[in-house]
Amino acid sequence: MIFVFLHLIGFASLFGGAFTQMKGPKRVVNAAMFHGAILQLISGLGLQLMLELGDGEVPHIKLGVKLAVLIVIGTLVILNRKKPSVTDGAFWAILGLTVLNAALAVFWTVG
């Protein structure tokens with residue numbers, strides 16, 4: 001359960017860090033977004049490890065898609081982290097992909 005908790009904290013940090021900047025005028029990749037993306041990756045891998053070690057079926061396709069989305073988010077966050085401002089496209093991609101990843105987790109049922 002600790003990995004689920006950490007995963008939710010990571011999402012809140014990543015989403016909240018971006019959400020608070022929606023109105024602009026200048027948007028940046030802040031520390032909350034950077035650390036949230038890192039925490040999402042680490043806790044997500046921990047969750048998958050727990051699934052792999054369990055007896056149930058592991059939704060590899062779903063987890064692979066979620067990992068691919070997170071890799072894109074992480075790449076955008078890292079590439080724009082030190083810039084004085086983020087382009088509108090990069091900012092909205094980070095925010096939109098973060099919401100998409102949460103939607104995949106909640107609404108994509110496997111089985």
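### Points about a nonpolar patch on the surface
And then number 1: A grouping of Ile38, Leu41, Ile42, Leu45, Leu67 and Ile71 is seen on the molecular surface, where their side chains present a nonpolar patch of about 490 Å² in accessible area.
And then number 2: The leading source of residues in the nonpolar patch is helix α2 (residues 31-53), at 4 residues.
And then number 3: Following the sequence through the fold, Leu41 ends up in helix α2.
And then number 4: For Leu41, a relative accessible area of 34% gives the class partly exposed.

### Considerations on the packing of helix α1 (residues 2-19) against helix α4 (residues 88-107)
Each pair of packed helices gets described by two things: the angle between the helix axes and the distance between those axes.
And then number 1: In contact at an axis separation of 10 Å, α1 and α4 are set at 145 degrees when each is read in the N-to-C sense. Remark: the crossing between α1 and α4 carries left-handed chirality. Contact residues: Phe11, Leu14, Phe15, Ala18 and Phe19 in α1; Phe91, Ile94, Leu95, Thr98, Val99 and Ala102 in α4.
And then number 2: Partitioning the contact of α1 with α4 into residue classes produces 10 nonpolar, 1 polar and no charged.

### Concerning the layout of surface pockets
And then number 1: Of the voids in this model, the largest pocket is the one considered here, and its volume is about 650 Å³.
And then number 2: His7, Leu47, Leu63, Lys66 and Ala105 are the residues nearest the centre of the largest pocket, which is lined by 26 residues in total.
And then number 3: Of all elements in the fold, only α1, α2, α3 (60-80) and α4 reach the threshold of two or more residues within the lining of the largest pocket.
And then number 4: Examining the composition of the lining of the largest pocket, we find that 8 residues originate from one element, α2, more than from any other.
And then number 5: The residue makeup of the lining of the largest pocket, split by class, is 19 nonpolar, 5 polar and 2 charged.

### What about the packing of aromatic side chains?
And then number 1: Summed over all chains, the structure comprises 3 aromatic pairs.
And then number 2: Look at Phe11 and Phe15: their rings are 5.5 Å apart centre to centre, the planes differ by 15 degrees, and that puts the pair in the stacked class. Remark: Phe15 and Phe11 occur in helix α1; sequence separation between them is 4 residues, near one turn of the helix.
And then number 3: Ring geometry for Phe91 and Trp92: centres 5.1 Å apart, planes at 80 degrees, overall edge-to-face.
And then number 4: On the basis of relative accessible area, Trp92 is assigned to the partly exposed category, the value being 38%.
And then number 5: Through pairs of rings, three or more aromatic residues link up here, namely Phe11, Phe15 and Phe19.
And then number 6: Positioned over the ring face of Phe91 is Arg27, at 4.8 Å from the centre of the ring.
And then number 7: Residue placement shows Arg81 over the ring face of Phe34; its charged tip is 3.8 Å from the ring centre.

### With respect to the nonpolar core
And then number 1: Among the nonpolar cores identified, the biggest contains 17 residues, and Leu14, Val29, Met33, Ile73, Val77 and Ile94 are the most heavily contacted of them.
And then number 2: Broken down by secondary-structure element, the contributors of at least two residues to this core are α1, α2, α3 and α4.
And then number 3: With near-sequence residues (within four places) excluded, Ile73 lies in contact with Leu14, Ile94, Leu97 and Thr98.

### A closer look at unusual backbone geometry
And then number 1: The omega torsion across Gly24 and Pro25 is 10 degrees, close enough to zero to call that bond cis.
And then number 2: Relative to the helices and strands, Pro25 is located in the loop between α1 and α2.

Rules behind the numbers
Residues numbered from 1 in each chain as written. Predicted model: local features only at pLDDT ≥ 70, side-chain atom pairs only at ≥ 80, totals over all residues. Heavy atoms only, no water. Patch = residues over 30% accessible without salt bridge, like charges linked within 9 Å, V, L, I, M, F, W, Y side chains within 5 Å. Areas by Shrake-Rupley, 256 points an atom, 1.4 Å probe, with all protein chains shown as cover. Salt bridge = Lys/Arg side-chain N within 4 Å of Asp/Glu carboxyl O. Helix = DSSP H or I, 4+ residues; strand = E, 2+ residues; numbered from the N terminus. Buried < 20%, exposed > 50% of the residue type's maximum accessible area, 1.4 Å probe, protein only. Axes fitted to C-alpha atoms, helices over the stretch in contact; angles between N-to-C directions. Left-handed = near helix turned anticlockwise from the far one by under 90°. Contact = heavy atoms within 4.5 Å. Nonpolar A, V, L, I, M, F, W, Y, C, P; charged D, E, K, R; others polar. 1 Å grid on protein atoms, 1.4 Å probe; cavity = no way out; pocket = protein on both sides within 12 Å on 5 of 7 lines; lining within 4 Å. Points joined across faces, edges and corners; volume = space filled by probe spheres on them. Phe/Tyr/Trp six-rings, centres within 6.5 Å; stacked < 30°, edge-to-face > 60°. Lys NZ or Arg CZ within 6 Å of the ring centre and 35° of its normal. Core = buried A, V, L, I, M, F, W, Y, C linked by side-chain atoms within 4.5 Å.

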